[in-house]
Amino acid sequence: MSTYRLKNLLSPQSIALVGASPRRGSVGRAILGNIRKANYAGEFGLVNPRYAEIDGVAAVGSLDELPFVPELVVMTAPPTAIPGLIAQAGRLGTAGALIVSAGLGHGPNSLAHEAERAAAGHGMRLIGPNCLGIMMPKVHLNASFSAHMPNGGNLALISQSGAIAAGMVDWAAQRGVGFSGIVTVGDQLDVDIADLLDHFALDSSTRAILLYVEAIKDARKFMSAARAAARVKPVVVVKAGRMAQGARAAATHTGALAGSDAVYEGAFRRAGILRVADLRELFDCAETLGRIEPPPGKRLAILTNGGGIGVLAVDRLTELGGIPAAIAPELRRKLDEVLPPTWSGSNPVDIIGDADAARYVAALEVLLADRGNDAVLVLNVQTAIASAEDIAAAVIASVGKYRERRGRFAKPVLAVWVGAEQKVMEALSNAGIPNYPTEDDAVRGFMHLVRHREVAHLLMQVPPEMPGNFAPDKDAARRIVANALAEVRRWLDPVEVRQLLEAYDIAMVPTFAAADVEQAVAHASQLFAQGATVVLKINSRDIVHKSDVGGVVLNLTSPDAVRVAAADILARASARRPDARISGVIVQAMMVRAKARELIVGLADDPAFGTVVVFGRGGTAVEIINDKALTLPPLDLQLARSLIERTRVSRLLRAYRDVPAVKEDVVAMVLVKLSQMAADIPELRELDINPLLADESGVVAVDARVAVGRVEPKFKGKGPANFAVRPYPSQWERHLEVRESWPVFVRPIRPEDEPLIHELLRHVTQHDLRLRFFAPMKEFSHEFIARLTQLDYARAMAFVAFDEATNELVGVVRIHSDSIYETGEYAILLRSDLKGRGLGWALMQLIIEYARTEGLKIISGDVLHENTVMLEMCRNLGFEVKTDPVERDLCNVRLRL
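Residues numbered from 1 in each chain as written. Predicted model: local features only at pLDDT ≥ 70, side-chain atom pairs only at ≥ 80, totals over all residues. Heavy atoms only, no water.

Caption draft 1: How the structure looks around the pattern of salt bridges. On inspection of all chains with the given rule, the structure shows 51 salt bridges. The partner of Glu281 in a salt bridge is Arg444, with the nearest N and O atoms 3.8 Å apart. Remark: Arg444 occurs in helix H16 (residues 439-460) and Glu281 occurs in helix H10 (residues 279-289); sequence separation between them is 163 residues. Residue classification places Glu281 among the buried residues on the basis of a relative accessible area of 12%. Linking Glu854 and Arg726 is a salt bridge whose minimum nitrogen-to-oxygen distance equals 3.2 Å. Linking Glu854 in helix H27 (residues 839-854) with Arg726 in the loop between strand E30 (704-708) and strand E31 (734-738), this pair joins segments that are 128 residues apart in sequence. We classify Glu854 as buried; its relative accessible area is 10%. Linked through salt bridges whose partners overlap, the residues forming this network are Arg125, Asp190, Asp192, Asp195 and Lys221. (Salt bridge = Lys/Arg side-chain N within 4 Å of Asp/Glu carboxyl O. Helix = DSSP H or I, 4+ residues; strand = E, 2+ residues; numbered from the N terminus. Buried < 20%, exposed > 50% of the residue type's maximum accessible area, 1.4 Å probe, protein only.)

Next comes the structure, spelled out in structure tokens:
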């Protein structure tokens with residue numbers, strides 16, 4: 001249900017606490033004390049039928065005895081009482097409940113299910129059960145049993161663990177880091193991580209979002225919310241269970257590589273989330289993101305009074321992919337003017353152990369003015385010569401003046417005062433300078449900023465166009481899979497595999513299935529006639545790794561050699577695997593490419609995230625080498641390239657010594673084709689091409705296995721049942737004919753349409769822009785247009801219309817559903833010189849059709865009173881039109897579907 005009524009729960013005007021107890025050490029008493037200590041200003045009531053008052057606070061016997069209707073009810077009552085309390089609160093009109101109590105169970109016959117049904121009947125939202133509670137400093141609300149209340153700030157924390165949240169609060173109290181909100185979700189009966197991502201992404205007081213995740217319940221919902229949030233602010237996650245092994249045995253190399261944590265890693269990357277390894281790194285992220293904005297680049301200047309610690313910082317920076325800022329001749333000259341001759345002359349800028357406050361400030365001002373770096377890290381090692389506290393004070397003053405001059409264009413400044421007293425760290429924190437215990441922590445903090453900027457840039461990138469000649473034979477591929485399912489087979493036979501790959505223009509070596517020795521000789525003779533050498537492989541659906549049973553023989557050059565090898569393979573396989581069903585042997589042309597790279601590409605099925613795409617170094621030792629990367633489909637060329645670059649083998653695809661580079665983008669195109677295959681044929685369970693040979697002439701699949709099975713939908717809503725990220729909805733492409741027989745082609749928007757949107761806006765008058773955006777619009781940034789064109793097709797859709805005669809973009813209509821997927825808000829924009837030709841009417845009808853198909857109940861929008869043409873169209877389409885009660889120059893329009 002996402003953000004529906006979440007504001008009522010997280011910023012309530014009134015609260016009731018049910019289940020508080022006078023017993024010391026009880027959860028209810030702790031929460032009562034925390035609510036009072038936080039100085040919550042709204043109405044507050046206490047409900048306990050056993051006591052007239054608790055700790056001086058009067059109590060009533062039931063919710064309906066309160067003199068007000070609470071927006072939020074905090075429940076610490078016994079689990080058996082929870083469903084009834086929720087039903088009672090719902091009847092009163094309460095917006096939601098925070099269920100701290102544990103023990104409600106799971107499943108259809110549990111108390112949790114009863115509570116969920118009771119809430120649904122009244123549109124109530126539920127946080128919990130089994131959680132620490134919530135802490136919202138901005139409204140002075142601490143409805144938790146945490147030991148401390150966090151300070152106000154700009155970080156949001158969403159945690160599946162109450163203990164982790166409590167630990168973050170304690171750490172933040174020591175470091176002076178504040179929070180816009182902390183929510184522990186517990187068992188996520190209703191409100192989940194995705195809902196809260198949506199909420200804090202839109203919260204103007206939240207600069208960054210921190211997540212502690214143990215497992216994702218609804219992967220499609222999570223991916224949609226995470227991708228939307230990561231586009232506008234940093235989202236950082238620490239995921240527990242990184243070393244947990246997958247619960248199922250994989251039948252292919254691809255499946256073995258796609259372990260549970262590897263899939264989460266791929267999903268986080270796909271969503272644009274920064275992943276950290278542990279709580280220490282999460283604390284570093286909080287320290288950095290809570291105080292400074294990401295720099296424009298990754299060049300770091302390091303100022304230090306100790307050469308050793310400076311070199312360690314450079315080492316870590318280089319290891320993590322950062323760049324030590326260069327000391328250009330002009331910068332060296334300026335530093336020479338203010339530093340003694342013994343300074344290092346390079347980065348790190350070592351100003352020697354006797355450096356005092358004045359020397360620090362002089363060097364820092366030069367570095368801050370230099371355009372050759374993107375941020376400055378100041379390191380100080382205490383000495384008996386100069387006071388660390390005085391140096392910190394001088395640095396704080398210098399940075400403050402610099403920030404006043406530069407404003408939002410100021411560079412980030414980070415600090416490490418090794419072994420300094422707490423008051424020094426507090427002074428740096430109070431000045432908004434992130435500071436760390438060690439140089440390693442500081443460099444990691446800087447690189448978190450860099451990674452967020454890179455991720456945000458990647459999310460906003462316009463992907464390259466797909467080759468126009470890629471037209472898969474979907475029908476042929478579907479027939480192959482359907483035939484196997486009709487015969488109740490899990491595995492496609494080798495010939496079917498080759499036909500399936502060829503249907504998607506993925507080349508495979510000539511492959512034949514032979515039931516016995518003489519068939520093998522006959523097929524091999526055909527290949528010999530073409531000048532080929534032959535390889536034989538055992539053909540058994542039960543023998544996954546053929547070489548393990550001596551089931552592969554290479555370099556066969558004559559019929560006699562094939563006859564002997566086939567007999568030997570069948571005998572060895574029967575002896576070593578008497579339980580296996582053996583169908584014969586596979587006969588293939590021997591592919592000899594001396595300088596080809598052996599790769600693995602494939603698809604795997606994850607219980608939580610559905611289909612995943614795998615790429616890595618192939619061959620028989622694929623699991624041992626374990627050089628792989630995973631991501632979630634759908635893929636375009638840019639995403640496929642990014643997947644490849646995450647592996648070590650990607651470096652071998654480039655030219656080296658006498659080995660030519662692999663033909664550009666041929667490997668990436670295979671990944672894109674497999675992604676499309678998975679979208680077209682959701683019955684694919686696992687697909688493994690190993691090896692895929694790649695060289696300067698292209699790619700060819702040497703061996704492949706494909707497992708199929710009936711579709712078991714993992715996700716709610718439209719789109720492929722096996723995709724956590726919805727693919728491009730090509731089924732919504734339309735050819736329309738509007739007034740005066742004007743032919744128009746309409747399709748869903750694509751990221752690469754960004755330049756076309758810019759061109760469209762050149763043909764829209766300032767008057768029409770003001771009617772659309774409710775304000776004068778003189779400039780449209782790349783980021784602004786990217787947010788319009790880069791949709792996930794789950795909660796937002798936009799259609800672009802093209803004049804078929806000129807292929808020019810002439811209009812766009814979009815709809816964005818609310819969090820509970822009941823109401824969608826529409827917007828429409830046409831070229832000003834083409835209005836009045838029926839295009840607006842046609843696009844509105846299309847978006848209404850789309851909303852009905854998606855299951856939305858209402859389409860709404862805001863229209864300026866002066867936009868009489870739009871209002872008249874809305875009335876003709878059946879919209880209800882009312883003046884906005886607050887902004888009287890606006891009309892609210894609503895269409896019930």
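Still more ground to cover, so stick around.
Caption draft 2: How the structure looks around the packing of helix H13 (residues 357-369) against helix H14 (residues 388-406). Orientation of H13 relative to H14, taken along the N-to-C sense of each, is 30 degrees, at an axis distance of 9 Å. When the interaxial angle is binned, H13 and H14 end up roughly parallel. Viewed along their axes, H13 and H14 form a crossing whose handedness is right-handed. Taking contact as the criterion, the partners of Ala357, Tyr360, Val361, Leu364, Glu365 and Leu368 in H13 are, on H14, Asp390, Ile391, Ala394, Val395, Ser398, Val399 and Tyr402. Tallied by class, residues from the contact of H13 with H14 come to 10 nonpolar, one polar and two charged. (Axes fitted to C-alpha atoms, helices over the stretch in contact; angles between N-to-C directions. Parallel < 35°, antiparallel > 145°, perpendicular 65-115°, else oblique. Left-handed = near helix turned anticlockwise from the far one by under 90°. Contact = heavy atoms within 4.5 Å. Nonpolar A, V, L, I, M, F, W, Y, C, P; charged D, E, K, R; others polar.)

Caption draft 3: Inspection of a positive patch on the surface at higher detail. Where like charges cluster on the molecular surface, the positive patch consists of Arg371, Lys401, Arg405 and Arg406. Take Arg371: it is sitting in the loop between H13 and strand E18 (375-381). A relative accessible area of 77% means that Arg371 is categorised as exposed. (Patch = residues over 30% accessible without salt bridge, like charges linked within 9 Å, V, L, I, M, F, W, Y side chains within 5 Å. Areas by Shrake-Rupley, 256 points an atom, 1.4 Å probe, with all protein chains shown as cover. Lys, Arg positive; Asp, Glu negative; His and termini not counted. Charge placed at Lys NZ, Arg CZ, Asp CG, Glu CD.)

Caption draft 4: The packing of aromatic side chains, seen in detail. Enumeration according to the criterion identifies nine aromatic pairs in this entry. On the basis of an interplanar angle of 5 degrees and a centroid distance of 4.7 Å, the ring pair of Trp171 and Phe283 is categorised as stacked. Within this pair, whereas Trp171 is found in helix H5 (residues 162-175), its partner Phe283 is found in helix H10, the two being separated by 112 residues in sequence. By relative accessible area, which is 19% here, Phe283 ends up buried. Pairing Tyr264 with Phe609 gives two aromatic rings, centres 5.0 Å apart and planes at 85 degrees, and the pair type is edge-to-face. (Phe/Tyr/Trp six-rings, centres within 6.5 Å; stacked < 30°, edge-to-face > 60°.)

Caption draft 5: Seen up close, the packing of H27 against helix H28 (residues 868-876). The geometry of H27 relative to H28 is characterised by a closest axis approach of 11 Å and an angle of 50 degrees between their N-to-C directions. Viewed along their axes, H27 and H28 adopt a mutual orientation that is oblique. The way H27 lies across H28 gives a crossing that is right-handed. Contacts between H27 and H28 pair Gly840, Trp841 and Met844 from the former with Met870, Met873 and Asn876 from the latter.

Caption draft 6: Summary view of the sheet that holds strand E36 (residues 858-864). The strand order E31-E32-E33-E34-E35-E36-E38-E37 describes an open sheet built from eight strands, whose pairing is mixed. Two strands bound the open sheet, and with one partner strand each, they are E31 and strand E37 (880-883). Averaged over all adjacent pairs, the angle separating strand axes in this sheet is 25 degrees, with direction ignored. Bridge count between E31 and strand E32 (residues 742-748): five bridges; the pairing is antiparallel. (Pairing = 2+ DSSP bridges.)

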